[in-house]
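These are the residues of each chain, in order.
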Amino acid sequence: MRSPTAILQLICPDRPGLVSELSGWVAANGGNILHADHHTDAGAGLFLSRIEWALEGFGLPREAIVPAVAALAGRLGGEGQVHFSDALPRVAIFASRQDHCLVDLLWRTRSGELPMQVPLVISNHPDLEALAVDFGARFVHLPVTAATRPEVEQVQLALLEEERIELVVLAKYMQVLSPAFLDRFSQVINIHHSFLPAFQGAQPYHRAWERGVKLIGATAHFVTEELDGGPIIEQATMHVGHRDEVEDLIRKGRDTERLALARAVRLFLRRQVMVYRGRTAVFD
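Along each chain, residues carry numbers from 1 onward, in the same order as the chain's sequence is written. In keeping with the predicted nature of the model, local features appear solely for residues at pLDDT of at least 70, side-chain atom pairs appear and are counted solely at 80 or more, and the whole-chain, interface and lining totals rest on all residues. As a rule here, side-chain values come from all non-hydrogen atoms in the structure, and water together with hydrogens is ignored.

Per an unreviewed UniProt entry, the chain is named Formyltetrahydrofolate deformylase, and its organism is Aphanothece cf. minutissima CCALA 015. UniProt positions are given in the numbering used here, feature names are shortened, and annotations may be inferred rather than shown by experiment. For the chain, the Function (unreviewed entry) comment in UniProt is given as "Catalyzes the hydrolysis of 10-formyltetrahydrofolate (formyl-FH4) to formate and tetrahydrofolate (FH4)." The chain has a UniProt comment under Catalytic activity (unreviewed entry) that states "(6R)-10-formyltetrahydrofolate + H2O = (6S)-5,6,7,8-tetrahydrofolate + formate + H(+)".

1. What to know about the UniProt feature "domain: ACT" (unreviewed entry) in the chain
UniProt annotation of "domain: ACT" (unreviewed entry) refers to residues 7-90 when read in the numbering used here. For the purposes of this entry, the term helix denotes a DSSP run of H or I that reaches at least four residues, the term strand denotes a run of E that reaches at least two, and both are numbered from the N terminus. Regarding residues 7-90, the helix share stands at 30% and the strand share at 39%, and the terminal C-alpha atoms are separated by 18 Å.

2. What about the UniProt feature "active site" (unreviewed entry) in the chain?
Per the UniProt record, "active site" (unreviewed entry) is annotated on Asp228. Within the fold, Asp228 resides in the loop between strand E10 (215-222) and strand E11 (232-239). Whether a residue is buried, partly exposed or exposed follows from its accessible area with a 1.4 Å probe, protein chains only, as a fraction of its type maximum: under 20%, in between, or over 50%, in that order. Given a relative accessible area of 11%, Asp228 falls into the buried group. For Asp228, the side chain forms a polar contact with the side chain of His192, separated by 3.4 Å. As used in this structure description, the phrase polar contact means that two N or O atoms lie within 3.5 Å; if the pair is within protein, one of them must be able to donate a hydrogen and the other to accept it, and residues adjacent in sequence are counted only when both atoms belong to side chains.

3. Quick notes on helix H8 (residues 246-269)
How far a helix is expected to stretch is found by multiplying one less than its residue total by 1.5 Å. Taking 1.5 Å of rise per residue, the 24 residues of H8 would be expected to cover 34 Å, and the 34 Å separating its terminal C-alpha atoms lies within 8% of that figure. Looking one or two residues past H8, Arg271 carries a phi angle of roughly 60°, positive in sign.

This is the structure in structure tokens:
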């Protein structure tokens, strides 16, 4: 297992010398930088930075790094946050009846590929309980109707708070989260079975087949109040041919869904995704 690192994510107004100032701050505290990625959005006048350095030999104790980063971001007129690579975020997975994305995420977590904990699986159907329990997750069945959605979401939010959840992953949940839910918990990643912005909404594979597309895809994105319109994190595609029927597109689509969602979650866990102005910068 590699030695733990600190990861700084910072967004601030752009100006000359920022890369030097940030790397100089790490060096002044004895830090050895392992990765440094920067992006300037000239149109927005913003500078984005992700810097990762080894904690071994760093001059500040962990508890002092967070306020030091806040002070640094304040001096630059921006916002910054720091994460530690050996901290395993607590993630809740919402699912319905389809199990392919849930199985994939749980397997990748158990194998150590995704550095996270999954203490909670919530579903509007009981079908996946045995699967979740087999992987050591608490399973909560909460049926949802249009009439009961507000009450159900209150229970969901209480469970997220109880389990100290940092991220929710919608693994084919097939339900729309309300603006009220997102106001209270906004760190949500969804997998959409289409290469957005094409074929938004329901039955994208059927509509893609009708159009005779040669590529199908899946899109992992942050959830916002705009249906299927949140900032995109990752996309995956696969070729299809004229002999493929709708069932073939669905089968192949499941592979793209698993891959895009796993990649997006890993990018989030590695703190390689930064959201600004309704879009993402992905330092992959």
